[in-house]
Structure formats: C-alpha cells, structure tokens
Amino acid sequence: MEKLKLADLKDVKIKDPFWDRHTQLVKSEILDYQWKAMNDQIEDAPPSHCIENFRIAAGESDGEFFGAVFQDSDVAKWLEAVAYTLAAEPDAELKKRADGVIDLIGRAQQPDGYFNTYFILKEPGKRFQNLCEGHELYTLGHMIEAAVAYNQATGERRFLEIVCRMADLVADTFGPEEGKLHGMPGHEEIELALVRLYEVTGERKYLETAKYFIDVRGTGEKNYFLKEMEQEGFRNIFPEFEDYQPEYSQSHLPVREQRTAEGHAVRAVYLYSAMADLADLYHDEKLFEACTKLWDNIVQRRMYVTGGIGSSGILERFTTDYDLPNDCNYGETCASIGLALFGRRMAQITRDARYIDVAERALYNTVLAGIALDGKSFFYVNPLEVWPDNCMGRTSKEHVKSIRQKWFGVACCPPNIARTLSSLGQYIYGYDKHTLFVNLFIGNETELELEGGRIRVSLETEFPYKNTYSLRIHGEAGRMTLALRIPDYAVDYRIFQDGTEAVYTAEKGYAYISGDFRGKTLEVRFRSEPRFIRANPAVRADEGKVCMMNGPLVYALEEADNGANLSGIYLDTSTRPAMRLDPELFGGTLVLSADGYRIAADSWAPGELYKEEKPKFLKTEVRAIPYAYWNNRGKGEMTVWVKEWI
C-alpha cells in the first residue's frame, strides 16, 4: 500500500486559537532569540559559540573550538526551522541571515567535502575514528534535513550541494565492500536524513547508505563500538562511556531482532523512524515488524502519560518496563519530538490512527512544556513532579530544573522545538490519490494535489476548547474519500454534512466517508469530558494516584493555585472534574477543578517528625492547568499524579 504523503508546508496556512500563540512565536521571537543565543548575545545564558566555531573553521576568526562534539547540530536545527518558516511566509531579512550561515558552512567545508567544526579544529586527522561518541554522522544528518527543507522552501540548491558533497564522502567511506569502514553512527539520525536526501535528489546511493547503517547495526561477533575503543590511541570524549554498554546505542542486537526500546531515548526513536522509512521503501516486512514491536513496547510499558520517554536521568535512557518515576525522570524534549516523528511515519504506512493519538499527546504536552510562552526559556528535562527545594546539584535530581533555562551548554532541545513548531503543518493531514486523512484538529487552510485534481481544504475549530470542527473542500477533485480521525478519548463521534448526520465506516481509528464534497460543509462533533486517568499498577510510582486529562491535554497542579506540599493533596474522584475557560490565564486556557482533601498542616507540631496519630484532613478545591503551561508563573511545586481519596 502506498505510503501517505504529507502536505507541502508552502501550501499550509495555520490559523488556530490554540496553536497560533506557539507557531507564530517561532518567527516573532524564537528564531531571533536562538540566533542571539548561538552568537553568545543572551545575558547570563551558557555560551554556545557554535557560529563562531564555523568562523574559526573557515579561517575567518582566531580561537579554539568550544562546546559539545555535536555543537554544529544546533545551527542545523535552527536553519531547518528557518526553512519551514520561510516556506510558510517569505521573509527577506530572515533569508539573508540564513544564507549568510549557509555560505559560512560552505567556506568551512574541506576540499573533500567534509565539514564538522569539532574534528576540523579540535581533533584533525581523527575523523570517523570515534563513531561511538564523535557525532559526525548525527550532525551531518541534521544538516541534511535542514538543507532538504531549505531547498524545498526556497528552490535554491547551495545548501543542498554542500551537504551532498559530504554525503558523497560518507557513501564512499562506509559500506560492506572491502576497504570501506564497516561501522555506523553512535547517535542515529543520519539514516532518516539520507532517506530524505534520496527522496529530493533521486540519488540511490544515499538510500543504500541509510540501509547499510541500519543493516549493520548490532551485527558481528563483537560490537563495533567496543572494537573501536580497543584501537591504539583511542580516547573517550565522554568519560561516562568508559564502561560502554551496546544497549545504549541500540547496537546490542540486529535491528530486526529488537523487541524492547533500549538505551538513549533520542537515539532510539530517530533509529526507529529511519527503520520505518526503510521498511516501507524496501517492502521489508521483518523490519516493519520490529518497528511495530518497538512502538508497542514504548507506548504500552515505557511512556509517560504526557508522551515523555526516557525515564533515567543517567544517560537519558529507557530502563525497564513500567519504570516511570515522576520526580527524577528525564523525559527529554527531543525524545518526545522523535516519538512524534516515529508515530507520524507509522501512521503514514499503516493508516492506523493509534500512532497519531500518541504523536498528538507528545505534541500537546511534553513538546509544548519544553518552551516558555514567551519563547525565551526552555526545559531540556520534563519531570511530572517538582519540589524546587530538592532539585539540588550533586544529587539524584540535579538534572531536574524547577524553572526553564535561558539556554544550555548542550542545547539540542531549543532549536528542535523551533523546527517542530514550524513544521506542525506536516502533522495535520496525510493523503494518497483519492483519500484525505485528517489527523490533528488544527485550524488551517491547505492545498493538496489528488489524482482528480488540486483541492483546497479549510478546517475551522476551537479544539481543544470545544470538541468540534468544520471541514470545507473546494477545487477540482470530484468524488473522494475522507478519513477523519476518531481520537482515543472521543465519545459519541458524529459527522454532519450540511446539517444532516452522515453514515461512516470506522476502521483503525478513522471514520471513512466518500462523496463529492466540493462546496459542502462537514461538521465533526464528539464528546470528551474531563476525566481521571489511572496507571497500570505495575507503574509503582503512580499506584493509588490519578491524573486529570481533557482531550489530549494532561493537567498538572501548581503551587500557585494549590499552595505548598502538593503531596498532601488527595483527589475525590466520585465526580468528574469541572472545566472552565479562564480568559486571563496564559492568554486564555481551560482550567480544571475537582473536589479533594489535604492533610492539615497543624496535624504535626513544630519539630515533630513522626507520630502514631492519624492526620486531620481538610476539604479543598483542587485547581489544575495544562501541563504544557506549568512554570510560566515562576518557581513553585508541580505534580501531575495526585493521591486518590478512597
């Protein structure tokens, strides 16, 4: 079956009461702020130096390399966000700035096509000798994605030609043939990027190199990275890799034999995204079976209710089934972005809405929580419970921040959020020759090319404030099929055509309806009341607790609304939470309130640490806000999971 296509961002105009505040922020604030951060112009922010690294590598500035080995990737993701922004709306000044960076990258490129400022400046002569830690291929992957996006947005080939030269070098360097390196990236990303490069250039060697990197992973009598570390003169870039475990880089087994999500969460979902791409292009059933099993393992046993993944603060990794602590977890923003990318691909291949259900959850919760509402501070780590006083350095919670940060020494997440928000239009629809799949309920106007001709789709909605949307189609195509997602939280799902209820067929979470819809209005309505959610009792951190959700939004309690010591609150779940729109809070948001009880503070005398008597409980009203918006009112306690009053 043909993989569903995605809309060209040039043809998508988002106009949505929920998402506009986030997507419009990319152009108005985020890109400029991040440009200043990358040029070390943000006061009291950790230095970046990544633009300066390229100037030094190009011989245009004096100095030494500064930053992480993958520092170049921040520039790449920023350029990709710029490309998506230019696709939606041309901007001469923004394009001039991006063109200047692209030209700088070109001037830093070596005669054989290689460019990577760390290995040009800090370890010349060591290229491709530390694939485990070097991140050369990972960084190139992000550069390729940016170049493809820039070419599609502007039609210009300068950036594409730069990355093709290094991609050619990689294709000539790696492979199964004698005399080539038989290794693969320690941090996956280039695999999915090479697929995109193949799709835009038609150059098959890029696809074959991507497939090689997938096929060789986890093979051989001894792990490639362990052999690499045995070479004379090898030096660990990261001290924590001295006792290296292949599971960390998903290289412990051949990929077609992997069944559980292991190791570094971002690496994992980038790998799985590439596996899905290649399984589709090569009709590789065994590879796709592995994708399905890995997906199920994540979402059924290793994913937070917010769509966060990677529970360990050590090595940013998956651990074991149901190990989902709330106050010390990692839940890296980049990992949820990768999960959404993986889910989107699986939905394109299978036409199964369950993958979009998860992608939506990640986008509405963890991804949005990663950035402040002003676009100028960020979370790298996304806990589900925070007590600011114990987020202390040199403890098990030192990675947890109680306030968003201006920037990071390792700043992969901020530009990743920027490129995700600016490419949101690619998540709304999928389509083939005759069928339009509506995945996300985001207001927009989009043009698409079906076999019957070009159509213009208009979707209007106030989701998630109201569970309804209208769809209008104009254009050349006559009879077609609409596949409208029935979200997993929807009740009493109905479709009306020009006011009359329509009959539909439900399959894999989509409502299918066919006809000539030109000039007609379809209205979709469903109920989704605020609800209490409970975790599988095997999730030990959440046993006896509940959280609140409304549609895809997970809700959190904050100290600003409920006072200190949120752990002393119990929720009465005998009645549903009440919902109301607060037009002042965060520019307008839905707030939930529920009945509850809290332990009276005076149950303990001053200095009394333990005692036998039961505490006193006071009845209270509990107020909750969307998890995505927590910490936009300053430092304070936060929790998603709350004890249930029984």
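The structure reproduced in this document is the subject of the present report. Numbering of residues starts from 1 in every chain and runs along the sequence as written. Since the coordinates come from a predicted model, pLDDT governs what is reported: local features require at least 70, and pairs of side-chain atoms require 80 or more to be given and counted, while whole-chain, interface and lining totals use all residues. Side-chain measures here rest on the full set of heavy atoms in the structure, leaving out hydrogens and waters.

**What about the layout of surface pockets?**
We apply this condition: Only protein atoms enter the 1 Å grid used here, on which a cavity is any set of points holding a 1.4 Å probe that cannot leave and a pocket is any open set flanked by protein within 12 Å on both sides along at least five of seven lines; residues with an atom within 4 Å of a point are listed as lining. Grid points are joined across faces, edges and corners, and a volume is the space filled by probe spheres set on the points. For the purposes of this entry, the term helix denotes a DSSP run of H or I that reaches at least four residues, the term strand denotes a run of E that reaches at least two, and both are numbered from the N terminus. Residue classes follow a fixed rule: Ala, Val, Leu, Ile, Met, Phe, Trp, Tyr, Cys and Pro count as nonpolar, while Asp, Glu, Lys and Arg count as charged, and any other residue, Gly among them, counts as polar.
Volume-wise, the largest pocket comes out at about 760 Å³. What lines the largest pocket is a set of 34 residues, and nearest its centre among them are Leu6, Gln152, Arg196, Glu199 and Gln426. Of all the secondary-structure elements, those providing two or more residues to the lining of the largest pocket are helix 3 (72-88), helix 7 (136-154), helix 9 (190-201), helix 12 (265-281), helix 14 (333-350), helix 16 (413-422) and helix 17 (425-428). Class assignment of the residues belonging to the lining of the largest pocket gives a composition of 17 nonpolar, five polar and 12 charged. Approximately 550 Å³ is the volume found for the second largest pocket. Around the second largest pocket, the lining is made up of 27 residues, and of these Phe70, Glu240, Glu316, Tyr380 and Val410 lie nearest the centre. It is helix 12 that contributes the most residues to the lining of the second largest pocket, three residues altogether. Here the residues of the lining of the second largest pocket sort into 16 nonpolar, six polar and five charged.

**Some details on the packing of aromatic side chains**
Here is the rule we go by: Ring pairs shown here join Phe, Tyr and Trp side chains whose ring centres sit within 6.5 Å, with only the six-membered ring taken for Trp; geometry is labelled stacked below 30 degrees between planes, edge-to-face above 60, and tilted in between. Partly exposed describes any residue whose relative accessible area lies between the buried limit of under 20% and the exposed limit of over 50%, with all areas from a 1.4 Å probe on protein chains only and scaled to the type maximum.
In this structure the tally under the stated criterion is 41 aromatic pairs. Between Phe441 and Phe463, the aromatic rings sit 5.2 Å apart at their centres with planes inclined by 90°, giving edge-to-face as the arrangement. Here Phe441, found in the loop between strand 4 (435-438) and strand 5 (444-450), pairs with Phe463, found in the loop between strand 6 (453-461) and strand 7 (468-475); they are 22 residues apart in sequence, far enough to count as distant. Overall, Phe441 belongs to the buried group, its relative accessible area being 1%.

**Some thoughts on helix 9**
Structural remark: α-helix, 3.6 residues per turn; residues separated by three or four positions point the same way. How we decide: An expected span of 1.5 Å times one less than the residue number is assigned to each helix. Between two residues, a contact is recorded if the distance between any of their heavy atoms is within 4.5 Å.
For helix 9, spanning 12 residues, the distance from its first C-alpha to its last is 16 Å, which sits close to the expected 16 Å at 1.5 Å a residue. Burial analysis of helix 9 places nine of its 12 residues in the buried class, which makes it a mostly covered element. By the burial criterion, the buried members of helix 9 are Ile190, Glu191, Leu192, Ala193, Leu194, Val195, Arg196, Leu197 and Tyr198. Contacts from the buried residues of helix 9 go to helix 3, helix 7, helix 8 (158-173), helix 10 (204-216), helix 12 and helix 14. The positive-phi residue at the C-terminal boundary of helix 9 is Gly202, with phi of around 75°.

**Comments concerning the pattern of salt bridges**
It is possible for side chains of opposite charge to pair when their charged atoms get near one another. The cut-off we apply is this: Each reported salt bridge corresponds to a side-chain nitrogen of Lys or Arg within 4 Å of a carboxyl oxygen of Asp or Glu.
This model, assessed by the stated rule, comprises 56 salt bridges. For Glu123, the salt bridge identified is with Lys126, shortest N-O distance 3.8 Å. A relative accessible area of 13% means that Glu123 is categorised as buried. Exposure remark for Lys126: the relative accessible area of 32% places this residue in the partly exposed category. Residues Arg518 and Asp516 are paired through a salt bridge, measuring 2.8 Å at the closest nitrogen-oxygen approach.

**What about the pairing of strand 13 (residues 521-527)?**
Formally: One bridge is not enough; two strands pair if DSSP finds at least two bridges between them.
What you see with strand 13 is a clean split: Leu522, Val524 and Phe526 sit on the buried side and Thr521, Glu523, Arg525 and Arg527 on the side with no burial. As defined by bridge partners, strand 7 adjoins strand 13 across five bridges and the pair is classed as antiparallel. Across the sheet, Tyr469 pairs through a bridge with Val524, a residue of strand 13. Where strand 9 (residues 491-497) lies against strand 13, five bridges are found, and the strand directions are antiparallel.

**Let's talk about the sheet that holds strand 4**
Note the cut-off: For helices, the fitted line uses only the C-alpha atoms of the stretch in contact; every axis is such a line through C-alpha atoms, and the angle between N-to-C directions lies from 0 to 180 degrees.
One open sheet holds the five strands; their spatial order is 3-4-8-12-11, and the pairing between them is mixed. Looking at which strands have only one partner, the edges of the open sheet turn out to be strand 3 (429-431) and strand 11 (505-507). Each neighbouring strand pair of the sheet contributes to a mean axis angle of 25°, computed without reference to strand direction. Note: strand 11 against strand 12 (residues 510-516), three bridges, orientation antiparallel. Among the inter-strand pairings, Glu507 is bridged to a residue of strand 12, identified as Tyr510.

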